[in-house]
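Observations on chain architecture
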Amino acid sequence: MSPQLGRENVHDLTPEEVAQGLAEGKVLLVDVREPDETEVERYPEAFYLPMSQFDPAAIPDPQGRRVVFACRSGNRSVTASLMAQAAGLPYDAHLAGGITAWKEVGLPTES
């Protein structure tokens, strides 16, 4: 049986690191916020997979890109990463601080 995965199994990435990875085509950003949240404001270029319907198998093939989970503040994205890892996927990164941190450093959102 595999050991219990904990928070230490999830790597924090800064908004700048994620934005650079998106710009370079090296990141697949998976937003796990709910539809009522994403209807108001969205990350550019993100794949949407609400936490209420989260199934790691629904994440598209990243085609060599690093999968990075994102949410509002950085809590659900950690949970999503741990769930993906528990399903045997090597997705161990999230956007620390979520869309709140993203906006704080002046990165764009879509409405």
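These remarks concern the structure in this document. (Residues numbered from 1 in each chain as written. Predicted model: local features only at pLDDT ≥ 70, side-chain atom pairs only at ≥ 80, totals over all residues. Heavy atoms only, no water.)

1. Considering the packing of aromatic side chains
Let me state the cut-off plainly: The pairing test for Phe, Tyr and Trp rings, Trp by its six-membered ring, is centres within 6.5 Å, and the orientation test on the planes gives stacked under 30 degrees, edge-to-face over 60, and tilted for anything in between. Strands here mean DSSP runs of E at least two residues long; helices mean DSSP runs of H or I at least four residues long; both are numbered from the N terminus. The buried label applies to any residue whose accessible area, calculated with a 1.4 Å probe on protein chains only, is under 20% of its type's maximum; exposed applies above 50%, and partly exposed to all values in between.
Taken as a whole, this structure holds two aromatic pairs when the rule is applied. Here Phe54 and Phe69 contribute two aromatic rings whose centre-to-centre distance is 5.9 Å and whose plane-to-plane angle is 70 degrees, an arrangement assigned as edge-to-face. A residue pair is termed long-range when its members are at least 10 positions apart, and Phe54 in the loop between β3 (47–48) and β4 (66–70) and Phe69 in strand β4 qualify at 15 residues. Judged by relative accessible area, Phe69 falls into the buried class, the value being 0%.

2. Remarks on the pairing of β4
Test applied: Here a strand pair is declared whenever DSSP counts at least two bridges between the two strands.
Most of β4 is tucked away: four of the five residues are buried. Examined bridge by bridge, strand β2 (residues 27–31) and β4 share five bridges and lie parallel to one another. In the sheet register, Leu28 faces β4, and the bridge partner there is Val67. For β4 and strand β5 (residues 93–95), the ladder comprises two bridges, and the chain directions are parallel. Bridging from a neighbouring strand, Phe69 pairs with His94 of β5.

3. Regarding the nonpolar core
Selection rule: Side-chain atoms within 4.5 Å are what join buried Ala, Val, Leu, Ile, Met, Phe, Trp, Tyr and Cys residues into a set we call a nonpolar core. Any two residues whose heavy atoms approach within 4.5 Å are treated as being in contact.
Of all hydrophobic cores here, the largest spans 15 residues; its most connected members are Val18, Leu29, Tyr43, Val68 and Trp102. Looking at this core, the elements with two or more residues in it are α1 (15–23), β2, β4, β5 and α4 (98–104). The dominant element in this core, judged by the number of residues it contributes, is α1, at three residues. Excluding anything up to four places from it in sequence, Val68 contacts Leu13, Val18, Val27, Leu28, Leu29, Val30, Ala93, His94 and Leu95. With 13 residues, the next largest nonpolar core counts Leu28, Val30, Val32 and Leu49 among its residues.

4. Focus on the pattern of salt bridges
Put simply, the test is: Salt bridges, as used here, are contacts in which a Lys or Arg side-chain nitrogen is within 4 Å of a carboxyl oxygen on Asp or Glu.
Tallied over the full model, the rule gives six salt bridges. A salt bridge links Glu37 to Arg76; its shortest N-O distance comes to 2.9 Å. Here Glu37 is found in helix α2 (residues 35–38), whereas its partner Arg76 is found in helix α3 (residues 76–86), with 39 residues between them in sequence. Note on Arg76: relative accessible area 24%, which makes it partly exposed.

5. A short note on the sheet that holds β5
Within a sheet, neighbouring strands are paired by backbone hydrogen bonds and run either parallel or antiparallel to one another. For clarity, the threshold we go by: For helices, the fitted axis covers only the stretch in contact; all axes are lines through C-alpha atoms, and the angles between them, taken along N-to-C directions, range from 0 to 180 degrees.
Overall, parallel pairing links the five strands, which are arranged β1-β5-β4-β2-β3 in an open sheet. Sheet topology places β1 (11–13) and β3 at the edges, where each strand pairs with a single neighbour. In this sheet, β3 lies alongside β2 in parallel orientation, the contact comprising two bridges. Looking across to β3, one finds that Val30 is bridged to Phe47. Against the sheet, α1 contacts β1, β2, β4 and β5, and its axis sits at roughly 120 degrees relative to β2. On top of the sheet, α3 reaches β4 and β5; it is set at about 140 degrees to β4, its chief contact.

6. Things to note about α3
Among the residues of α3, Ser77, Val78, Ala80, Ser81, Leu82, Ala84 and Gln85 are the ones counted as buried. Against β4 and β5 lie the buried residues of α3. Phi for Gly88, located one or two positions after α3, is positive at around 90 degrees.

This is a description of form; function is not addressed.
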